[in-house]
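# An overview of the molecular structure
Each chain, letter by letter, is given below.
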Amino acid sequence: MDSRFSKLFSPLTLRGVTLKNRIFSTGHDTNLAAGGLINDRLVAYHRARAAGGAGLVILQVSGVHESARYTSHLLMAISDESIPGYRAVADAVHAHGCRVFAQLFHPGREIMESQDGSLPVAYAPSVVPNERFHVMPAPLTLALIREIVAGYGAAAGRMARAGIDGVEIVASHGYLPAQFLNSRTNRREDNYGGNFDNRLRFLREVIAACRAAVGPERVVGMRISGSELDHDGLTEPEVLEACRALAGDGALDYYNVIAGSSASIAGAIHIVPPMAIETGYVAPFAAAVRQVVDKPVFVAGRINQPQIAEQVLASGHADLCGMTRAMICDPEMPAKTAAGRLDDIRACIACNQACIGHFHLGYAISCIQHPETGRELEYGALKPASRRKRVVVAGGGPGGMKAAAVAAARGHDVTLYEATGRLGGQALLAQQLPGRAEFGGIVTNLTREMELAGVKVVKGKAVDPALLAELEPDAVVLATGARPRRPAIEGAEAAHMVDVWQLLRGEVNVGASALVADWRCDWIGMGVAEMLARAGCRVRLAVNGYVPGQRIQQYVRDQGNGTLHKLGVEVIPYARLYGADGDTVYLQHMSSGEPIICEGVDTVVLALGHEQETALAEALAGWPGELHRIGDCVAPRTAEEAVLEGLKVASVL
Ligand SMILES: Cc1cc2nc3c(=O)[nH]c(=O)nc-3n(C[C@H](O)[C@H](O)[C@H](O)COP(=O)(O)O)c2cc1C
Ligand code: SF4
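Quick summary incoming for the structure in this document. (Residues numbered from 1 in each chain as written. Chains lettered and ligands numbered in written order. Predicted model: local features only at pLDDT ≥ 70, side-chain atom pairs only at ≥ 80, totals over all residues. Heavy atoms only, no water.)

### Overview of helix α19 (residues 523-534)
What counts, and what does not: Helix numbering and strand numbering both begin at the N terminus, where a helix is a DSSP run of H or I of at least 4 residues and a strand a DSSP run of E of at least 2. Helix span, as expected, comes to 1.5 Å for every residue beyond the first. In this scheme, a residue with accessible area under 20% of its type's maximum is buried, one over 50% is exposed, and one in between is partly exposed, where area comes from a 1.4 Å probe on protein chains only. We call two residues in contact when some of their heavy atoms are within 4.5 Å. Here a polar contact is recorded for every N or O atom pair within 3.5 Å, except that within protein the pair must consist of a potential hydrogen donor and a potential acceptor, and residues adjacent in sequence are included only if both atoms are side-chain atoms.
Between its first and last C-alpha, α19 extends 16 Å over 12 residues, near the 16 Å set by a 1.5 Å rise per residue. Most of α19 sits inside the fold, with 10 of its 12 residues counted as buried. Taken together, the buried residues of α19 touch α18 (500-504), β20 (513-518), β21 (538-543), α20 (554-566), β26 (603-607) and β27 (610-612). The N-terminus of α19 is capped by D522, whose side-chain oxygen sits 3.1 Å from the backbone nitrogen of I524. Following α19 by one or two positions, G536 adopts a phi angle in the positive range, close to 95 degrees.

Okay, structure coming up:
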């Protein structure tokens, strides 16, 4: 055991349940379940985290009542039909010496979608609307409150019968228990509203129902936001008051502290904080809770490396560290830490793209750096190659690197050629955008994966037909990427137009006033606008869509838009770049077709996407051997698709 992590690898006992270390995976909705029930895919997902050394896995939210369906794919614990699934996960996780809890969930008014597209009735303590999902709830009747409380107990009982070690009541993020607690969302005049004790009544009844259902041996804990960081959300003093009172009751075995609220844009950013938010930032909230309770306190939120987790524990801020995306990205992170293999950890870069990004789009969880996540049944175990081939990979961006690493790990003899002097491709530019330096971690991580797998890397040398004729490889993987798209634009010659790559490479000056023409509506246009505004430039961001960052994960988008607003960037929505005339730029409204005229523009920055780099593919048109193409050279997309295609191609070589 690595002595630098003595706290992280010390056991912790909660009631009758001992956790072997202080690393846990917090409850997170995976979208892997089908029909509201746990299936083999979800079991395989958690088996991988348990096998990787986590001390505790907390299963994603399970609905406790029919009215709890906040998405169409929520796991449900409302009937005994759910028991075999919980048992299967419990057995799989226990087999690796890991313990498992499950979250009990009712969202109240925080309803995102329905089963059939019609708007469902959301229930809340009072008729107070939700800002983020635009839901006006119906008030809970006393009969429904009783039913829901009983639902928590019944669900907890099913989990206990299935062998789940503990249950966690989700009182965080502005969900139903928090809606009762909060005087801004609870306007009731009966026993469940008004004074503090009345507002706490629902939570107390839920805790009592769960304790009665699981018995004295199993754990009952609670997740709570240390502050909901929302204009109408629970404040830190209010949360501390509630925790102090519940500690006085002595019924809870732990307090799991997080931040944020589902109810608003600003609060929701903290549900899964993006990379622009500093690591470990929730720890002070946990420390404050720890002052007022006498049971272990858990914490999560941007703890992506074991060094940070050890620091959180050593400074006494918390007793257990949630490292959720850290293990979505690298399920073996705990085992690697224990073995002192810190350089081998694939650190999560908080891009939010394929984990929570997939969740909001209704797709199964994955990771842009580790597409094996969520695909454990297909790619969980590396299949050794039946015959060792000599493989050449052309292009050292994320896709080529992943292809090379996996092919070599399967036993192939792999050489990767990168035409420039540096590995990384477009990730090297992406990491220069403000607040996105961590994106460069994808290059560090894939470089290490290639080293570990024994890939030979040749930099500063492009692959061409002559080289391949000389090398005679058994298989070639083309991962040559893309270049900026520069379509013909009327008046471009007389205006100052530069592309984002030129700007990020420091090849051009911009002047005092810039217009960013953003076709992709992703990180690039927003990032460049922020960068220029920070440099003192007047910036207009013309998006060929509804809103900057329209196509990226919503917390990243919303955080970015907040920053642009603070910096005074003028956003022009629905704007297609049409042409320019000196320092006048002509845009066209996407819907009305009317012109939008912008004057006094020194430089137009083109964020118009990319075109595939096909020169090598064309030169190899008649190549007789095994030839594959992956990533942007097929069709320009993002690092996620490039890495996934790298995995897929390497798996069939
Ligand atoms: C895909 C995804 C789904 C999530 N779903 C839940 C959930 O079901 N319940 C919950 O309490 N938190 C949920 N969260 C929040 C996580 O539990 C955790 O608080 C968050 O990811 C921050 O921790 P991290 O920085 O270690 O990833 C989810 C997070 C992700 C990435
Ligand atoms: S997709 Fe991004 S944020 Fe999500 S786990 Fe992977 S690296 Fe982390």
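The structure having been displayed, the exposition proceeds.
### Considerations on the site of ligand 2
Basically, it comes down to this: One heavy atom within 4 Å of a molecule or strand is enough for the residue carrying it to be called near that molecule or strand. Three categories are distinguished: nonpolar for Ala, Val, Leu, Ile, Met, Phe, Trp, Tyr, Cys and Pro, charged for Asp, Glu, Lys and Arg, and polar for the others, with Gly belonging to the last.
Around ligand 2, the neighbouring residues are R325, I328, C348, I349, A350, C351, N352, A354, C355, C367, I368 and Q369. Residues belonging to the shell around ligand 2 are distributed by class as follows: 9 nonpolar, 2 polar and 1 charged.

### Quick word on the nonpolar core
Rules: Think of a nonpolar core as a cluster: buried Ala, Val, Leu, Ile, Met, Phe, Trp, Tyr and Cys residues, connected wherever their side-chain atoms sit within 4.5 Å.
By size, the foremost hydrophobic cluster in this structure holds 119 residues, and its most contacted members are L104, F202 and Y255. Contact partners of L104, with chain neighbours within four places excluded, come to S62, V64, Y152, A155, A156, M159, V167, E168, I169, V170 and C210. Counting 36 residues, the second-largest nonpolar core is a separate cluster that includes I368, A404, L416 and L423.

### Re the sheet that holds strand β23 (residues 575-581)
This is how it is decided: Strands are labelled as partners when DSSP assigns at least two bridges between them. With axes taken as lines fitted to C-alpha atoms, and helix axes fitted only over the stretch in contact, angles between N-to-C directions fall between 0 and 180 degrees.
Spatial ordering of the open sheet is given by β23-β24-β25, a layout of 3 strands whose pairing is antiparallel. The open sheet has two free edges, formed respectively by β23 and β25 (595-598), since each of these has just one partner strand. Pairs of neighbouring strands in the sheet enclose a mean axial angle of 25 degrees, with direction left out of account.

### As for the site of ligand 1
For the record, the criterion: For the accessible areas, the method is Shrake-Rupley and the probe is 1.4 Å, while residue cover comes only from the protein chains on display.
Taken together, 19 residues surround ligand 1, and among them T26, G27, R223, R302 and R325 come closest. In the environment of ligand 1, an oxygen atom lies 2.6 Å from a nitrogen or oxygen atom belonging to the side chain of T26. The separation between a nitrogen atom of ligand 1 and a polar side-chain atom of Q103 is 2.9 Å. About the coverage of ligand 1: the protein hides 97% of its 600 Å² of free accessible area. For the shell around ligand 1, the per-class residue count stands at 8 nonpolar, 7 polar and 4 charged.

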